[in-house]
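Examination of the molecular architecture
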Amino acid sequence: MSETCIFCRIVKGEIPALKVYEDDDLIAFLDIQPANPGHTLIMPKEHYPSLAETPDEELGKLFIAAKRAAKAAADAVGTSDFNLIVNNGPDAGQIIGHVHIHAIPRFADDGHRHWAKKSVSEETMKDVAAKMKDRLG
Ligand code: 5GP
Ligand code: ZN
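This report concerns the structure included in the present document. Note that the coordinates shown come from a computational prediction; the quantities given were computed from them, not determined experimentally. (Residues numbered from 1 in each chain as written. Chains lettered and ligands numbered in written order. Predicted model: local features only at pLDDT ≥ 70, side-chain atom pairs only at ≥ 80, totals over all residues. Heavy atoms only, no water.)

Focus on the nonpolar core
The biggest cluster of nonpolar side chains holds 10 residues, and these are Leu26, Ala28, Ile42, Leu62, Ala65, Ala66, Ala69, Ala70, Ile101 and Ala103. Counting only elements with at least two residues in this core, the list comes to β2 (26-30), α2 (56-76) and β5 (101-106). Looking at which element gives the most residues to this core, the answer is α2, with 5 residues. Excluding residues that lie within four positions of it along the chain, Ile42 makes contacts with Ile27, Ala28, Leu62, Ala65, Ala66, Ala69, His100, Ile101 and Ala103. If you look at the next biggest cluster of nonpolar residues, it comprises 9 residues, including Cys5, Phe7, Ile27 and Leu41. (Core = buried A, V, L, I, M, F, W, Y, C linked by side-chain atoms within 4.5 Å. Buried < 20%, exposed > 50% of the residue type's maximum accessible area, 1.4 Å probe, protein only. Helix = DSSP H or I, 4+ residues; strand = E, 2+ residues; numbered from the N terminus. Contact = heavy atoms within 4.5 Å.)

Written out as structure tokens, the structure is:
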């Protein structure tokens, strides 16, 4: 637990939240500034600052809970489509330093856009692929 973390304070009940699921390890609650109705945050109760810093053992249960919460959120607001998103690090848009998965129900023409596509040279693509293969063993 981190004394200064807003999400740890939600876990402890010190800050109110619309909780939709809770067990010994995980909690899910509605995002206070939703991208769409039903926008839900799913996270471990334990304080890990980011996805990259979360132990592998935690991730299976977390991802299954995210899938279940996303389906429930989508169903509750009348759709079957959703995005699961993790912002890892400030340059990726992470604001709260307690790992969480966003489940965002989606509707046709809801105004959200996917990332802009960039043209990357074949040389760079091959260089990145080679470096990744090295790192992934
Ligand atoms: P991030 O950018 O870190 O991936 O997303 C943080 C999310 O937490 C944002 O979508 C923001 O609206 C939500 N959030 C921030 N503070 C609170 C809060 O006190 N309560 C709830 N329910 N959501 C919060
Ligand atoms: Zn925390």
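Next comes the rest of the description.
Focus: the coordination of the zinc ion (ligand 2)
By definition of the ideal shapes, a tetrahedral metal site with four donors has angles of 109.5 degrees and an octahedral site with six donors has angles of 90 or 180 degrees. Taken together, the protein ligands of the zinc ion (ligand 2) are Cys5 (SG), Cys8 (SG), His47 (ND1) and His98 (ND1), with distances of 2.0 to 2.3 Å. Around the zinc ion (ligand 2), the 4 donor atoms sit at angles spanning 105 to 117°, and that spread fits a shape best called tetrahedral. Sequence positions of the donors to the zinc ion (ligand 2) reduce to the motif C-x2-C-x38-H-x50-H. Of this pair, Cys5 sits in the segment before α1 (6-11) while His98 is found in the loop between β4 (81-85) and β5, placing the two residues 93 residues apart along the sequence. (Donors = N, O, S within 2.8 Å, 3.2 Å for Na, K, Ca; no water. Tetrahedral: all angles 85-135°; square planar, octahedral: opposite > 155°, others 65-115°.)

With respect to the site of ligand 1
If you check the shell around ligand 1, you find 16 residues, and the closest are Asp31, Gly93, Ile95, His100 and His102. At 2.9 Å from a nitrogen atom of ligand 1 is found a main-chain nitrogen or oxygen belonging to Leu30. Within the side chain of His100, one N or O atom sits 2.8 Å away from an oxygen atom of ligand 1. When isolated, ligand 1 has an accessible area of 530 Å², and the protein chains bury 85% of it. Where the shell around ligand 1 is concerned, the elements lending two or more residues are α1 and β2. If you tally residues by element for the shell around ligand 1, the top one is α1, at 3 residues. (Near = heavy atom within 4 Å. Polar contact = N/O pair within 3.5 Å; in protein donor to acceptor, adjacent residues only side chain to side chain. Areas by Shrake-Rupley, 256 points an atom, 1.4 Å probe, with all protein chains shown as cover.)

Focus: the sheet that holds β4
Taken in spatial order, the 5 strands of this open sheet run β1-β2-β3-β5-β4, and their pairing is antiparallel. Single-partner strands in this sheet number two, and they are β1 (19-22) and β4. Across the sheet, the axes of successive neighbouring strands diverge by a mean angle of 20°, strand direction being ignored. One ladder, built from 5 bridges, connects β4 with β5; its direction is antiparallel. Looking at β5, one finds that Leu84 is bridged to Ala103. (Pairing = 2+ DSSP bridges. Axes fitted to C-alpha atoms, helices over the stretch in contact; angles between N-to-C directions.)

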